[in-house]
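Structural description and commentary
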Amino acid sequence: MYISHLGLTNFRNYQHLELDLPPGLLVFYGGNAQGKSNLLEAVYLLSIAKAYRATSDREAISRTAQDDHAHTQVLGIAQKGQDRVRIVVDMHLEGPGEDGYQTYLRKDIWVNGIPRPASELVGVVNAVLFDAEDIQMVSGPPAARRRYLDILICQMDRAYLRSLQKYQKVVYQRNHLLRLLRERRAQPEEMDFWNQAMVQEGVYIAQRRAQVVQELRALARELYCQLTEAREELAMEYVPSIPLDGEEGEDAHHTFARILEEGLGREVALGSSQWGPHRDDVRLKIGEMEAATYVSRGQARTLALTLKLAEGALLERERGESPVLLLDDPKNLWVEKGAIVPL
Amino acid sequence: MTYDFLPSVAAPLARLIEEFHKLPGIGPKTAQRLAYYLIRMPAEEAHSLAEAILAVKERITFCTVCQNITESSPCPLCSSQSRDRSRLCVVEEPLDVLSLERTRVYKGLYHVLHGVISPASGIGPENLKIREMLERLKGNEVEEVILATNPSLEGESTAMYIHRLLLPLVPRITRLARGLPVGGDLEYADEVTLSRALEGRQEM
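Residues numbered from 1 in each chain as written. Chains lettered and ligands numbered in written order. Predicted model: local features only at pLDDT ≥ 70, side-chain atom pairs only at ≥ 80, totals over all residues. Heavy atoms only, no water.

Here the focus is the domain arrangement of chain A. Residues and elements named next belong to chain A. Split by domain assignment, chain A resolves into domain 1 (2-121) and domain 2 (135-324). Once you take the C-alpha centre of each, domain 1 and domain 2 turn out to be 29 Å apart. Each side of the interface is counted separately: domain 1 has 10 residues, and domain 2 has nine residues. With both chains or domains summed, domain 1 and domain 2 bury close to 690 Å², and 50% of this area falls on carbon and sulfur atoms. (Domains from an automatic or database assignment. Contact = heavy atoms within 4.5 Å. Buried area = accessible area lost by both parts, 1.4 Å probe.)

In structure tokens form, the structure reads like this:
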């Protein structure tokens, strides 16, 4: 599939833009601060319904539009074989905005003219975005690697997205309850429900992540070989916070439940949830070296690109159609190896 | 929001707009429209509206039995002789009683919790009307308690908490079924709803 048309209104630095795009490899070049990355972000917004580079979607709304509450719109037409899919993501600020009242962001999504919730946009446009920040997946904290997995799995599995949202709510409520317990303002048996919900969603999330890492591993290893001409071998390992196969003949649910039960005292003392998928990590190794600590900048960049290309390859296998690859400023990669083979 | 900076809005009108704006679901535009509508309303109708608002505040109390809002305690539902006293339906809010009554299917009694357990908002079991519910179940002829809290995370948590307290007191504890809406189309149901509906399928 490819994007055949992009229309932007008040998106980042674009006041208005209508752009017809051909299929195949497309290069945007120009000076700094011209809006090259913003184009990629706009396409990615059509895929994940979120402004990827922004900490909040608000940042994607142009300054002037924020001030007078004008609409920000990203329109995309995706060509999927014979089908054309028209997607519109509309965002605007609502609320008075003056005298201390908070404004809030309203996001509406239409697919072929029909309003859809954000969760149903997932999977309509497959896209993989790679930019300079993605080096965080290699050298940054575990959260960056969890985010990588989560965005990928959400694009393949809506149940995962729902599970993840529920899990986040459970952790949030549970952390509050742990603090209430520490202050002796709640009873321990109030924890039962939250533990049960945490186990149920947590085990599902961990198992799904384990499966996906398993599939990614082979793809990533092969891609890394191609990119570096097989000088080094990439190893990828999922490090769940809870043992997935269970322990001593128990299944994963029982083990997780027991860990929570036995660890309650510690969690109460610390006032936060210590075990579960929100503490997972993915370990990356090149040869025998831990990627997070030992790799060079150049290696880290190649490794991050590998992970993104593996994401694309996996989406392609799951969906039977190739995703749109969005590579932001890949010049270092071109210089490094001369060619990006999988493109 | 204040309208002081708008010279064209008279002070009493600005105050009324502000009061409307405080209400749930009423934005600044609707508040203005309601206020201007009231100006054109006959004086007696305006009086009657004002009285109705005051009456709600002055005459409405909580039923000592079911905790629902009422004018007389015990409320008409609790004191009615035609209700089935062997069934008790536990709901989150008074509005839920209205919804269930509209079905005309349920003939039992109610108990209103006035909220759900939510640690993040600092609401624990002791902030709900759970103690009152346990009190009224002691030495009572209730044979079934229907837990009708919402199918949200907090609603489920509350239902489970209450369930455990009720086990030694009530022979039968049930939970509202979840599944397909009536008149709905299988095609449009999401996976979670559909799988819940499958789990809760019934013999025909």
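A few words on the interface of chain A and chain B. Each partner contributes to the interface: chain A provides 22 residues, whereas chain B provides 21 residues. Summed over both partners, the interface of chain A with chain B comes to about 1800 Å²; 61% of that surface belongs to carbon and sulfur atoms. For chain A, the biggest contributors to the area lost against chain B are Arg162, Gln173 and Phe193 of chain A; these three give 30% of the whole. In this structure, the connection of chain A to chain B is made through one salt bridge. (Salt bridge = Lys/Arg side-chain N within 4 Å of Asp/Glu carboxyl O.)

The residue after Ser73 of chain B, namely Pro74 of chain B, is reached through a cis peptide bond having omega -5 degrees. Checked against the element boundaries, Pro74 of chain B lands in the loop between strand 2 (69-70) and helix 4 (76-79). One non-glycine residue, Ala33 of chain A, lies in the positive phi region at around 55 degrees. On the secondary structure map, Ala33 of chain A appears in the loop between strand 2 (14-20) and helix 1 (36-48). (Helix = DSSP H or I, 4+ residues; strand = E, 2+ residues; numbered from the N terminus.)

Let us look at the nonpolar core. Residue and element names in this part refer to chain A. With 68 residues, the main nonpolar core has Leu216 and Met236 as its most contacted residues. The element that contributes the greatest number of residues to this core is helix 7 (residues 191-228), accounting for 17 residues. If sequence neighbours within four positions are ignored, Leu216 has contacts with Tyr148, Leu149, Leu152, Met236, Ala310, Glu311 and Leu314. (Core = buried A, V, L, I, M, F, W, Y, C linked by side-chain atoms within 4.5 Å. Buried < 20%, exposed > 50% of the residue type's maximum accessible area, 1.4 Å probe, protein only.)

All names here are of chain A. With respect to topology, six strands assemble into an open sheet ordered 2-1-3-4-5-6, the strand pairing being antiparallel. Strands with a single pairing partner mark the edges of an open sheet, and in this sheet they are strand 2 and strand 6 (114-116). Neighbour-to-neighbour, the strand axes of this sheet turn through a mean angle of 20 degrees, independent of strand direction. Across eight bridges, the pairing between strand 4 (residues 83-94) and strand 5 (residues 104-111) is antiparallel. Across the sheet, Val89 pairs through a bridge with Ile109, a residue of strand 5. (Pairing = 2+ DSSP bridges. Axes fitted to C-alpha atoms, helices over the stretch in contact; angles between N-to-C directions.)

It is worth spelling out the pattern of salt bridges at this point. One side chain can pair with another of opposite charge once the charged atoms of both are near each other. Scanning the entire structure with this criterion turns up 27 salt bridges over all chains. One salt bridge in this structure joins Lys107 of chain A and Asp57 of chain A, with 2.7 Å as the shortest N-O distance. Remark: Asp57 of chain A occurs in the loop between helix 1 and helix 2 (63-68) and Lys107 of chain A occurs in strand 5; sequence separation between them is 50 residues. Of the residues examined, Asp57 of chain A reaches a relative accessible area of 16% and is grouped as buried. Between Glu101 of chain B and Arg83 of chain B there is a salt bridge, with its nearest N and O atoms 2.8 Å apart. Of this pair, Glu101 of chain B sits in helix 5 (residues 94-103) while Arg83 of chain B sits in the loop between helix 4 and strand 3 (87-91); the two residues are 18 residues apart in sequence, bridging distant segments of the chain. Look at Arg83 of chain B and you get buried, because its relative accessible area is 13%.

Bringing the sheet that holds strand 8 (residues 234-239) of chain A into the picture now. All names here are of chain A. Overall, antiparallel pairing links the three strands, which are arranged 8-9-10 in an open sheet. Each edge of the sheet is formed by a strand with only one pairing partner; in this case those strands are strand 8 and strand 10 (289-290). Relative to strand 9 (residues 281-286), strand 8 runs antiparallel, the two being bridged by six bridges. Considered in strand 9, the bridge of Leu234 is made with Ile286. Strands in contact with helix 11 (residues 297-319) are strand 8 and strand 9; relative to strand 9, the strand with the most contacts, it is inclined by about 125 degrees.

Further remarks concern the packing of aromatic side chains. Residues and elements named next belong to chain A. In this structure the tally under the stated criterion is three aromatic pairs over all chains. Centroid distance Tyr44 to Tyr52: 5.1 Å. Interplanar angle 90 degrees. Geometry classified as edge-to-face. Using a relative accessible area of 0% as the deciding quantity, one classes Tyr44 as buried. Between Phe193 and Trp194, the aromatic rings sit 5.0 Å apart at their centres with planes inclined by 85 degrees, giving edge-to-face as the arrangement. (Phe/Tyr/Trp six-rings, centres within 6.5 Å; stacked < 30°, edge-to-face > 60°.)

All names here are of chain B. Here strand 4 (residues 109-112) shows a buried face lined by Leu109 and His111 and a second buried face lined by Tyr110 and Val112. Two strands pair when backbone bridges link them, and strand 3 and strand 4 are joined in this way by four bridges, in the parallel orientation. When the sheet's bridge partners are listed, Leu88 is paired in strand 4 with Leu109. Remark: the strand 3/helix 5/strand 4 crossover connection has right-handed handedness. (Right-handed = clockwise from strand over helix to strand, strands pointing away.)

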